[in-house]
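The primary structure of each chain is shown beneath.
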Amino acid sequence: MIKLTTPISEETARSLKVGDEVLLTGTIVTARDAAHKLMIEERPDFIREHLKDGVIYHCGPVVKKDEAGEYSFVAAGTTTSSREEPYQAAVCEEYSVRAVIGKGGMGPKTAEGLQKVGAVYLHAVGGAGSLIGKMVKKVHTVYKLEEFGTPEAFWVCEVEDFPCVVTMDSHGGSLHKDIAAASQKVANDLMGL
Amino acid sequence: MELKKAMLELMRRATTDLSKDVEDAVKQAYDREGEGTPAKNVFGTIIENIGLAREASTPICQDTGSVIIYVDFPVGDSEKKYREAAEWAAAEATKLQYLRPNAVDPVTCKNSGNNIGTNAPYLHFHQWDKDEVRVRLMLKGGGSENVGAQYKLPDTGLKAGRDLKGVKKVVIDAVQKAQGQGCAPGVIGIGIGGDRVTSFALSKEQFFRKLGEQSTDPDLAALEKELYEDLNKLGIGPMGFGGKTTCLGVYAGKQHRHPATFYVSISYTCWAYRRKQMIIKGSEVTYD
Ligand code: SF4
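A quick note: this is a predicted structure, and the numbers were derived from the prediction, not measured.

Caption draft 1: Just the overall build of chain B, in detail. Helix and strand content of chain B: 8 helices and 9 strands. What you see for chain B is a C-alpha radius of gyration of 19 Å, in line with the 19 Å of a compact globule of 288 residues. Overall size of chain B, expressed as C-alpha extent along the three principal axes, is 50 × 50 × 40 Å. Here chain B holds 288 residues, and 58% of them are scored as buried. The long-range share in chain B, meaning contacts at least 24 apart out of those at least 6 apart in sequence, stands at 77%. Roughly 12,200 Å² of accessible area belongs to chain B as shown, and the carbon and sulfur atoms make up 51% of that amount. Charge-centre separation for chain B: the mean point of 39 positive side chains lies 3 Å from the mean point of 37 negative side chains.

Set out below in structure tokens:
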């Protein structure tokens, strides 16, 4: 198990390989469809400091606001990453992102981006909302909450020992590509193709 | 019994307390995987998460899904009161963080903030002869919904003809294409026949069945069994990490089709397979 702490240097990101299991501690930023679209169309600066050598988390959390107005995460598992495929590589490059956490993996455009920027794709367990929610220790701040709604807002938060597996690395490796190719062979056999 | 409170409790149970048949299937899948594999670790995490959600009464998954409700009610009862109770309960459950606000206007892209909107919650009514009410609730995740698919037989590319062999092929194709995207291992609902609309509806209604419960139609029961075995040979595994369990169950249903059409619809639900029902008899409510 590799301990990873933010900010993550390019060198550290490049040292990670497909199959490595990591425990991530530090600041991460949730971003989904509306956020990625915005980051590409408007390249806003408000999120820059949080993303430099930082981590994007594909997640739309369930959030609680207490009487003092403090936010906390009730459930916060990953959302499907492939929807961000059109944007991800450019976002990583624009903001020097070192890791993207999500589920389901991403396509060739992102794989290329990771190689270029020096970043990795980390896979968390999809659906493990309650468990991951507990690993989010603090919500620092939120952007675009009004405009985008709870699931789509940028939540900047602190995690501790968040378990993930590197499934795409900066060397062109992708577990998703390998599994899909292997299962396609089996599927063709089963279908008699 | 206050209907709206009962409805809220049904939602709380569905989102926090995974049904035993599903939990058992996940535990068996955990036992099947080899020590130290990513697949085993994933199942370990899932099992831990299920226990934690139940204990803390928090959502199993942060995507608490689309709220889908099927009501069977006796003659003379009114639909309105169920709709009102469902809307109240959905809004209340959102406030209590049992549900994430998941109703978005597709034109303005505004989230209603309380899970209420046009056809949200989605309610389906059916009158029956019993003197009790059955309310069945499904919380259907969006990620797994996106990997559902509809095929029109024959399908030349897959060499799938208008028979059960053809049906099998398209289901294998759909699950292969889904990979881990729908939070595998999934449960597969198949609707054979009908038109485009009813075919998908039939495939999704299968999810109200229990895992391990076979179709009463012998041909479909055989299809379910064969597909269950074949799909688990694909090696996609939990989250698409590779492994022995790609699906937890397969259900198939059929309905008559127009002579010119042959649709096969495949609905996919993730392992966070949340559905519960309640029976209301007089002032008694029982949940399952
Ligand atoms: S597919 Fe299911 S388990 Fe995965 S994030 Fe969506 S609702 Fe949760």
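Caption draft 2: How the structure looks around the environment of A:Thr78. All names here are of chain A. Here Thr78 lies in the loop between strand S5 (71-75) and helix H4 (85-95). Judged by its relative accessible area of 2%, Thr78 is buried. Counting along the chain gives 21 residues from Thr78 to Tyr57, while the straight-line C-alpha distance between them is 7.4 Å.

Caption draft 3: Geometry of the sheet that holds strand S5 (residues 186-192) of chain B. Residues and elements named next belong to chain B. Taken in spatial order, the 4 strands make up an open sheet running S4-S7-S5-S6, and their pairing is mixed. One side of each edge strand has no neighbouring strand; the edge strands of this open sheet are strand S4 (149-152) and strand S6 (247-254). Ignoring which end each strand starts from, the neighbouring axes of this sheet average 15° apart. Pairing of S4 with strand S7 (residues 263-269), which is carried by 4 bridges, proceeds in the antiparallel orientation. Paired with Gln150 across the strands is Ser265, a residue of S7.

Caption draft 4: Quick look at the packing of helix H2 (residues 20-32) of chain B against helix H3 (residues 38-56) of chain B. Residues and elements named next belong to chain B. Between H2 and H3, whose axes approach to 9 Å, the crossing angle comes to 150°. For the element pair H2 / H3, the angle class is roughly antiparallel. The hand of the H2/H3 crossing is left-handed. Across from Glu23, Val26, Lys27, Ala29, Tyr30 and Asp31 in H2, the residues of H3 making contact are Lys40, Phe43, Gly44, Ile46, Ile47, Ile50 and Arg54.

Caption draft 5: Structural detail: the site of the ligand. In the vicinity of the ligand, 14 residues are found, and the nearest of them are A:Gly127, B:Cys61, B:Cys183, B:Cys270 and B:Arg274. Those residues lying near the ligand are distributed over chains A and B. Taken together, the residues of the shell around the ligand sort by class into 4 nonpolar, 7 polar and 3 charged. A domain split of the shell around the ligand shows at least three residues from each of domain 1 (3-13 + 60-141 + 274-287) and domain 2 (143-269) of chain B.

Caption draft 6: Here's a closer look at unusual backbone geometry. The omega torsion of the bond from A:Thr6 to A:Pro7 falls at -5°, within 30 degrees of zero and hence cis. The omega torsion across B:Ala120 and B:Pro121 is -10°, close enough to zero to call that bond cis. We note that A:Ser96 has phi near 50°; this positive angle belongs to a residue other than glycine. For A:Ser96, the position within the fold is in the loop between H4 and strand S6 (99-102). Notably, B:Met239 is not glycine yet its phi reads approximately 65°, a positive angle.

Caption draft 7: Quick peek at the domain arrangement of chain B. Residue and element names in this part refer to chain B. Domain assignment breaks chain B into domain 1 (3-13 + 60-141 + 274-287) and domain 2 (143-269). On the domain 2 side, the residues contacting the 9 residues of domain 1 number 13 residues. Overall, the association of domain 1 and domain 2 removes approximately 880 Å² of surface from exposure, summing both partners, and the carbon and sulfur fraction of that is 59%. Our count for the contact surface shared by domain 1 and domain 2 stands at 1 salt bridge. Across the salt bridge formed by Glu145 and Lys140, the nearest N and O atoms sit 3.0 Å from each other. Our count for the contact surface shared by domain 1 and domain 2 stands at 8 residue pairs in polar contact (both at pLDDT 80 or more). Sorting the residues of the side of domain 1 that touches domain 2 by element identifies strand S1 (66-74) and strand S3 (133-140) as the ones contributing at least two each. Considering each element in turn, the side of domain 1 that touches domain 2 owes the most residues, 4 residues, to S3.

Caption draft 8: Looking closely at the interface of chain B and chain A. On the chain A side, the residues contacting the 40 residues of chain B number 43 residues. Counting each side, the surface lost to burial between chain B and chain A is near 3,400 Å², with a carbon and sulfur contribution of 62%. There are 0 salt bridges connecting chain B and chain A. Taken together, the links from chain B to chain A amount to 20 residue pairs in polar contact (both at pLDDT 80 or more). At the level of secondary structure, the elements contributing two or more residues to the side of chain B that touches chain A comprise H3 and helix H6 (164-178) of chain B. Among the elements that line the side of chain B that touches chain A, the one with the most residues is H3(B), at 8 residues. By residue class, the composition of the side of chain B that touches chain A is 16 nonpolar, 16 polar and 8 charged.

Caption draft 9: The packing of helix H1 (residues 3-16) of chain B against helix H4 (residues 79-95) of chain B, seen in detail. Residue and element names in this part refer to chain B. Remark: H1 packs on H4, axes separated minimally by 8 Å, with the N-to-C direction vectors making an angle of 50°. In this view, H1 runs oblique relative to H4, as classed from their interaxial angle. Between H1 and H4 lies a crossing whose hand is right-handed. Of H4, the residues touching H1 (which contributes Leu3, Lys4, Lys5, Met7, Leu8 and Met11) are Lys81, Tyr82, Ala85, Ala86, Trp88, Ala89, Ala90, Glu92 and Ala93.

Caption draft 10: Quick look at the pattern of salt bridges. All names here are of chain B. A full pass over the atoms with the stated rule returns 40 salt bridges over all chains. Note that Glu132 is salt-bridged to Lys281, the shortest N-O span being 3.9 Å. Of this pair, Glu132 sits in the loop between strand S2 (122-128) and S3 while Lys281 is found in strand S8 (residues 274-281), placing the two residues 149 residues apart along the sequence. Using a relative accessible area of 44% as the deciding quantity, one classes Lys281 as partly exposed. Among the charged side chains, a salt-bridge network with shared partners connects Asp17, Glu23, Lys27, Arg54 and Lys276.

How each quantity is defined
Residues numbered from 1 in each chain as written. Chains lettered and ligands numbered in written order. Predicted model: local features only at pLDDT ≥ 70, side-chain atom pairs only at ≥ 80, totals over all residues. Heavy atoms only, no water. Helix = DSSP H or I, 4+ residues; strand = E, 2+ residues; numbered from the N terminus. Rg over C-alpha atoms; globule rule 2.2 N^0.38 Å. Buried < 20%, exposed > 50% of the residue type's maximum accessible area, 1.4 Å probe, protein only. Contact = heavy atoms within 4.5 Å. Areas by Shrake-Rupley, 256 points an atom, 1.4 Å probe, with all protein chains shown as cover. Lys, Arg positive; Asp, Glu negative; His and termini not counted. Charge placed at Lys NZ, Arg CZ, Asp CG, Glu CD. Pairing = 2+ DSSP bridges. Axes fitted to C-alpha atoms, helices over the stretch in contact; angles between N-to-C directions. Parallel < 35°, antiparallel > 145°, perpendicular 65-115°, else oblique. Left-handed = near helix turned anticlockwise from the far one by under 90°. Near = heavy atom within 4 Å. Nonpolar A, V, L, I, M, F, W, Y, C, P; charged D, E, K, R; others polar. Domains from an automatic or database assignment. Buried area = accessible area lost by both parts, 1.4 Å probe. Salt bridge = Lys/Arg side-chain N within 4 Å of Asp/Glu carboxyl O. Polar contact = N/O pair within 3.5 Å; in protein donor to acceptor, adjacent residues only side chain to side chain.

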